[in-house]
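Below, each chain spelled out in residue letters.
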Number of protein chains: 2
Amino acid sequence: MSLAPLVIGPAGAAQRRAIAKAITLLESTRADHRAQADQLLTELLPHTGKSFRLGISGVPGVGKSTFIEALGLCLIAQGHRVAVLTIDPSSTVSGGSILGDKTRMEQLSVHPQAYIRPSPSGGTLGGVAEKTREAMLVCEAAGYDVVIIETVGVGQSETAVAGMTDMFVLMQLPNAGDDLQAIKKGVMELADLVVINKADIDADAATRAQAQITSALRLFTQQGRERGGWTPQVVQLSALKQVGVDAFWQAVSKFREVRTSEGRLQQRRQHQALAWMHERIEAGLKQAFRSHPQVRALLPQLTADVEQGRLPASTAARQLLAAWHPNTP
Amino acid sequence: MSLAPLVIGPAGAAQRRAIAKAITLLESTRADHRAQADQLLTELLPHTGKSFRLGISGVPGVGKSTFIEALGLCLIAQGHRVAVLTIDPSSTVSGGSILGDKTRMEQLSVHPQAYIRPSPSGGTLGGVAEKTREAMLVCEAAGYDVVIIETVGVGQSETAVAGMTDMFVLMQLPNAGDDLQAIKKGVMELADLVVINKADIDADAATRAQAQITSALRLFTQQGRERGGWTPQVVQLSALKQVGVDAFWQAVSKFREVRTSEGRLQQRRQHQALAWMHERIEAGLKQAFRSHPQVRALLPQLTADVEQGRLPASTAARQLLAAWHPNTP
């Protein structure tokens with residue numbers, strides 16, 4: 001009955017179907033499906049954790065799909081099995097992923113050693129991230145040893161991806177215009193590696209950008225963030241011309257080696273798992289609160305009272321908490 | 001019995017005592033005090049909202065105290081009454097405010113038209129911010145028509161201060177070294193006005209910093225944040241030599257005029273009050289969850305299970321939520 005033996009089992013058509021069913025199950029909102037999904041994940045968990053989890057972020061147009069296709073085929077040629085999952089914050093609004101189009105990665109998407117799954121749709125970013133995180137575990141249990149989580153540079157999705165991967169890669173264009181944006185949003189600081197794509201179009205601009213971003217990264221590192229024996233690097237490449245993809249993977253492998261040898265990879269994953277648990281608890285608390293009948297009855301009036309300055313905000317908060325649960329402070 | 005008539009009443013020694021008592025009451029953690037404080041705030045609320053709420057942030061050593069003393073005395077000379085409240089995140093850890101020393105503002109602290117209160121101590125930043133926000137309402141009800149909330153550039157306190165004031169001012173030193181830090185932390189983006197203090201020490205450096213910060217602010221503005229008819233400005237001054245303080249206040253008055261005439265000041269306050277309400281609800285939910293007997297009993301084991309990879313984080317979160325409240329999703 002359980003999908004677990006098929007997911008863990010030999011690669012092939014039966015496994016692919018089991019993976020797809022498993023992911024569909026964990027994306028379901030039905031309570032009985034959720035219980036089954038929890039059961040399945042617990043069964044799969046001992047078989048997870050053996051992949052390298054690579055996060056890739058960049059604004060639309062930076063060339064993520066082209067790069068991931070080139071990288072994925074290169075890795076498969078080396079004997080890896082590659083899963084690509086997407087977190088697209090726009091899918092939380094539109095109910096459908098703009099990145100869902102598998103034809104973006106023409107060769108990779110039909111390759112038997114690759115598994116590509118578009119962003120789950122609907123719900124909050126937290127919900128979408130949770131489903132993606134669980135889908136990652138399914139892929140790992142199925143033996144995909146490189147899992148790539150990609151996201152567009154919108155909203156808080158980079159933080160979500162950095163929070164579920166071993167290494168976070170930021171893709172930039174050779175014009176330095178979006179550097180400040182990445183710095184401002186705190187995304188640059190998350191990056192273990194920055195890739196300047198389309199370096200073939202303007203070599204001078206790419207070199208300038210590389211120097212600028214390198215010095216920005218150095219500042220962050222000086223400003224005290226512990227990077228665990230790794231100095232964030234900047235590499236140039238051209239995904240379209242497939243130049244620099246090997247060197248990129250060498251940098252990734254070096255990172256993995258440094259982190260694994262010091263036990264930091266495991267530490268990072270433990271921290272991520274706990275942070276994820278607490279994030280989900282918070283989301284659950286808020287949902288329970290918002291759907292509580294007493295809260296729903298009181299909230300509109302108290303909101304209006306606070307807005308109109310008839311009631312202090314903290315008093316309204318305490319009244320709502322008391323209505324929800326008499327024992328809250 | 002109620003303190004409200006004394007707080008609202010004529011300025012003088014009796015009012016000062018009533019303000020101090022009121023703030024002590026709302027800083028108390030006793031439940032009966034909290035109920036009295038809520039009652040008092042609700043009584044005072046119709047008398048609040050008439051001040052201008054000015055947030056001032058800057059790293060230690062930037063000269064906040066000297067500047068606030070100069071500004072406060074200048075405003076009092078113009079007929080204003082000035083309250084200065086502090087949010088010091090370090091007080092949440094140490095249990096005492098490093099900024100609590102009133103001698104920092106020698107003349108202002110003893111002036112009958114000024115009221116200075118150090119940071120509340122203990123508790124979370126959210127708790128400290130709440131107490132400060134409520135103390136601000138007390139000062140407003142007492143007729144202080146300029147309330148200055150100052151904070152050091154540590155942790156998330158700038159966001160808290162920007163979230164309770166009409167205008168957020170960032171103080172910088174003439175060397176541009178801390179610009180990137182402010183940009184990275186997202187503080188620069190909060191600033192309605194940037195002050196370069198100690199401009200007398202190195203006029204060239206101050207002018208360079210002014211140009212750099214101006215262009216950084218312009219980029220943020222271009223990148224789409226609606227600033228409500230106001231372009232963030234950068235001014236130079238020397239608080240110690242009392243040069244530029246008048247011009248600073250002119251810029252503040254211009255900002256206030258623009259915002260008030262368009263009704264945006266009121267909008268900002270409404271948004272702030274609602275955001276504050278929701279922030280307090282979240283904090284209350286988390287506290288109720290953490291102190292629940294079932295959660296406290298289960299949390300250590302489930303945390304260990306998640307850390308050791310025996311249980312998926314989302315499953316653990318659901319189990320904890322279910323233990324806490326059987327009806328949560």
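Just so we're clear, the structure is a prediction, and the values are computed from it rather than from any experiment. (Residues numbered from 1 in each chain as written. Chains lettered and ligands numbered in written order. Predicted model: local features only at pLDDT ≥ 70, side-chain atom pairs only at ≥ 80, totals over all residues. Heavy atoms only, no water.)

S.K.: Before we go on, may I ask you to explain the overall build of chain A in this structure?
M.R.: Within chain A one finds 15 helices and seven strands. Of all 329 residues assigned to chain A, the portion counted as buried reaches 53%. Carbon and sulfur atoms make up 55% of the accessible area of chain A, which amounts to about 13800 Å² in all. (Helix = DSSP H or I, 4+ residues; strand = E, 2+ residues; numbered from the N terminus. Buried < 20%, exposed > 50% of the residue type's maximum accessible area, 1.4 Å probe, protein only. Areas by Shrake-Rupley, 256 points an atom, 1.4 Å probe, with all protein chains shown as cover.)

S.K.: It is not clear to me how helix α3 (residues 31–44) of chain B should be interpreted in this structure. Could you clarify?
M.R.: Given 3.6 residues per turn, any residue in an α-helix points the same way as the ones three and four places further on. The first and last C-alpha atoms of α3 of chain B sit 20 Å apart over 14 residues, in line with the 20 Å expected at 1.5 Å per residue. For α3 of chain B, the elements touching its buried residues are α15 (313–324) of chain A together with α1 (4–8), α2 (13–27) and α7 (125–141) of chain B. (Expected span 1.5 Å × (residues − 1). Contact = heavy atoms within 4.5 Å.)

S.K.: What am I meant to see in unusual backbone geometry here?
M.R.: Leaving glycine aside, a negative phi is the common case for residues, and trans is the common case for peptide bonds. Residues and elements named next belong to chain A. Even without being a glycine, Lys198 presents a positive backbone phi close to 60 degrees. Along the chain, Lys198 falls in the loop between β6 (193–196) and α11 (203–222). Residues other than glycine seldom take positive phi values, yet Gln242 does so here, at roughly 55 degrees. Tracing the backbone shows Gln242 in the loop between β7 (233–236) and α12 (245–261).

S.K.: It is not clear to me how the pattern of salt bridges should be interpreted in this structure. Could you clarify?
M.R.: Note that side chains of opposite charge can pair when their charged atoms are close. Summed over all chains, the structure comprises 32 salt bridges over all chains. Here Arg280 of chain A and Glu279 of chain A are joined by a salt bridge, their closest N and O atoms 3.0 Å apart. Residue class for Arg280 of chain A comes out buried when judged on its relative accessible area of 13%. Where Glu130 of chain B meets Arg280 of chain B, a salt bridge forms, and the shortest distance between an N and an O atom there is 3.1 Å. (Salt bridge = Lys/Arg side-chain N within 4 Å of Asp/Glu carboxyl O.)

S.K.: Explain the sheet that holds strand β3 (residues 114–117) of chain B here, please?
M.R.: By way of backbone hydrogen bonds, the strands of a sheet pair with one another, either parallel or antiparallel. Residue and element names in this part refer to chain B. Strands sit in the order β3-β2-β4-β1-β5-β6-β7 across an open sheet of seven strands; the sheet is parallel. Lying at the two open borders of the sheet, with one neighbouring strand each, are β3 and β7 (233–236). Going across the sheet, the axis of each strand differs from the next one's by a mean of 20 degrees, ignoring polarity. For strand β1 (residues 52–58) and strand β4 (residues 146–152), the ladder comprises seven bridges, and the chain directions are parallel. Bridging from a neighbouring strand, Arg53 pairs with Val147 of β4. (Pairing = 2+ DSSP bridges. Axes fitted to C-alpha atoms, helices over the stretch in contact; angles between N-to-C directions.)

S.K.: Which parts of the structure should I look at to understand the relation of the copies chain A and chain B?
M.R.: Both copies of the chain are related by one operation, a rotation about an axis with a shift along it. Each copy of the sequence occupies a distinct position, and chain A is placed on chain B by a rotation of 180 degrees and an axial shift of 0.0 Å, giving an RMSD of 0.1 Å. In symmetry terms, the pair is related by a two-fold rotation axis. When the interface residues of chain A are mapped onto chain B, 100% of them are again interface residues, pointing to one common binding face. (Least-squares fit on C-alpha atoms with pLDDT ≥ 70 in both.)

S.K.: Is there a simple way to think about the sheet that holds β6 of chain A in this case?
M.R.: Residues and elements named next belong to chain A. Pairing is parallel across the open sheet formed by seven strands, whose spatial order is β3-β2-β4-β1-β5-β6-β7. Of all strands in the sheet, those with a lone pairing partner are β3 (114–117) and β7, marking the two edges. The sheet shows a mean angle of 20 degrees between the axes of neighbouring strands, direction not considered. Its contacts with the sheet place α12 against β1 (52–58), β4 (146–152), β5 (167–172), β6 and β7, and it is angled at close to 130 degrees to β1.

S.K.: I tried to follow the pairing of β3 of chain A on my own but got confused; where do I start?
M.R.: Along any regular strand the residues' side chains alternate between the sheet's two faces. Residue and element names in this part refer to chain A. Neither face of β3 is left uncovered, since the one carrying Ala114 and Ile116 and the one carrying Tyr115 and Arg117 both have all their residues buried. Here four bridges tie strand β2 (residues 82–87) to β3, and the two strands are oriented parallel to one another. The partner of Ala83 across the bridge, within β3, is Tyr115.

S.K.: Sorry, what's going on with the side chain of Gln15 of chain B here?
M.R.: By the element assignment, Gln15 of chain B lies in helix α2. Beyond its immediate chain neighbours, meaning those up to four positions away, Gln15 of chain B contacts Leu6, Val7, Ile8, Gly9, Pro10, Arg81 and Ala142 of chain B.

S.K.: Looking at this model, I keep getting lost on the pairing of β4 of chain A. Mind explaining?
M.R.: Residues and elements named next belong to chain A. Counting buried positions over the seven residues of β4 gives seven, a clear majority of the element. With burial as the criterion, each face of β4 is covered, one bearing Val146, Ile148, Glu150 and Val152 and the other bearing Val147, Ile149 and Thr151. Relative to β4, β2 runs parallel, the two being bridged by six bridges. From the neighbouring strand, Thr86 faces β4, where its bridge partner is Glu150.

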